[in-house]
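Residue strings, one per chain:
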Amino acid sequence: LPLNQAILRGNPFIVKTLLEYGNPNPFVRDAHGKSPIHLAAAKLDRETFDHLAALGSDPLMPVGSEGNTFLHLMALGTIKDQEYDFIKRAVSKYGLRLTRNRENRTALNTIKAYSGQSASLRGQPNFKRKTWEFFELLISQNPNFVDQPDDTALIKAVKRGDLVAAKQIIADKQGLEQKPGRQLY
């Protein structure tokens, strides 16, 4: 894919030309299951990442069959200062959440499992730990920042196609009573 190759090679002029005039499909994946937004994240290319997101590319689109997002992939390795800044900016700017992969793990679970990074990497602070703390802070501010490990009653009702039960669950959560003739939506 030309756009993927341009992003990998780090040629901003070709990337910009392809994005503006090449009619790119931000959802097309290469043979490895990576879309242009995954490659922009891997290269820490904020401008291309933002442009692709503006074109409709989903920053949390999973890579390949494992269901890992770019956050999962960054959590696997050593997180340096530029990667920490990229993660923090992307999560804040696009309102990203911690989603679960096929193994039911979030990027935070991955960071906790692979937190063997040394305390100092050439004098730098432990950015894996800082990313962990950043995610924990967001979870403390908004518990919905992270996907729950099990389906809630509402999700189960929706999956069953039981609209009446789903409306009742919503009404119960809002402290409303479902009265005959009253429409919730």
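Nothing here was measured: the structure is a model prediction, and the numbers come from that model. (Residues numbered from 1 in each chain as written. Predicted model: local features only at pLDDT ≥ 70, side-chain atom pairs only at ≥ 80, totals over all residues. Heavy atoms only, no water.)

Moving on: unusual backbone geometry. For Leu44, which is not glycine, the phi torsion reads 55 degrees and is therefore positive. Locating Leu44 in the fold gives a position in the loop between α3 (36–42) and α4 (46–54). The exposure class of Leu44 is partly exposed, given its relative accessible area of 26%. Located in the positive-phi region is Asn104, a residue other than glycine, with phi close to 65 degrees. Judged by relative accessible area, which is 35%, Asn104 ranks as partly exposed. (Helix = DSSP H or I, 4+ residues; strand = E, 2+ residues; numbered from the N terminus. Buried < 20%, exposed > 50% of the residue type's maximum accessible area, 1.4 Å probe, protein only.)

Here the focus is the nonpolar core. Within the largest apolar cluster, 36 residues are counted, with the highest numbers of intra-cluster contacts made by Phe49, Phe70, Leu71, Val91, Leu98 and Phe135. Residue assignment for this core shows that the elements contributing at least two residues are α1 (2–9), α2 (12–21), α3, α4, α5 (70–76), α6 (81–94), α7 (107–113) and α8 (127–141). In this structure Phe135 touches Ile87, Val91, Leu98, Ala107, Leu108, Ile111 and Phe145, once residues within four positions along its chain are discounted. (Core = buried A, V, L, I, M, F, W, Y, C linked by side-chain atoms within 4.5 Å. Contact = heavy atoms within 4.5 Å.)

Attention shifts here to a nonpolar patch on the surface. A cluster of nonpolar side chains, namely Leu73, Leu76 and Tyr114, defines an oily patch on the protein surface of about 280 Å² accessible area. Examined against the element boundaries, Leu76 turns out to sit in helix α5. With a relative accessible area of 42%, Leu76 lands in the partly exposed category. (Patch = residues over 30% accessible without salt bridge, like charges linked within 9 Å, V, L, I, M, F, W, Y side chains within 5 Å. Areas by Shrake-Rupley, 256 points an atom, 1.4 Å probe, with all protein chains shown as cover. Salt bridge = Lys/Arg side-chain N within 4 Å of Asp/Glu carboxyl O.)

Glancing now at the environment of His51. The topology assignment puts His51 in helix α4. Considering only alpha carbons, one finds His51 and Lys16, 35 residues apart in sequence, at a separation of 8.9 Å. Setting aside anything within four residues of it in sequence, one finds His51 in contact with Leu19 and Glu20.

The next subject is the packing of aromatic side chains. Two measures describe an aromatic ring pair: the distance that separates the ring centres and the angle between the ring planes. Overall, the coordinates contain seven aromatic pairs when judged by the stated rule. Grouped by ring-pair contacts, the aromatic residues Phe49, Phe70, Phe86 and Tyr94 constitute a single cluster. The ring of Trp132 carries the charged tip of Arg129 above its face, separated from the ring centre by 4.4 Å. (Phe/Tyr/Trp six-rings, centres within 6.5 Å; stacked < 30°, edge-to-face > 60°. Lys NZ or Arg CZ within 6 Å of the ring centre and 35° of its normal.)

Attention now goes to α4. Taken together, the buried positions of α4 are Thr48, Phe49, Asp50, Leu52 and Ala53. Where the residues of α4 are buried, they touch α1, α2, α3, α5 and α6. Directly beyond the C-terminal end of α4, a positive phi value near 110 degrees is found at Gly56.

A separate point is the confidence of the model for the protein chain. Of all residues in the protein chain, 88% attain a pLDDT of 70 or more, and the chain-wide mean is 84. Here helix α9 (residues 153–160) stands out as the element of the protein chain with the lowest mean pLDDT, 79, in contrast to α6, whose mean of 94 is the highest. (pLDDT = per-residue confidence, 0-100.)

In this model helix α10 (residues 163–174) runs 17 Å from its N-terminal to its C-terminal C-alpha over twelve residues, within 8% of the 16 Å that 1.5 Å per residue would give. The inward-facing, buried residues of α10 contact α9. (Expected span 1.5 Å × (residues − 1).)

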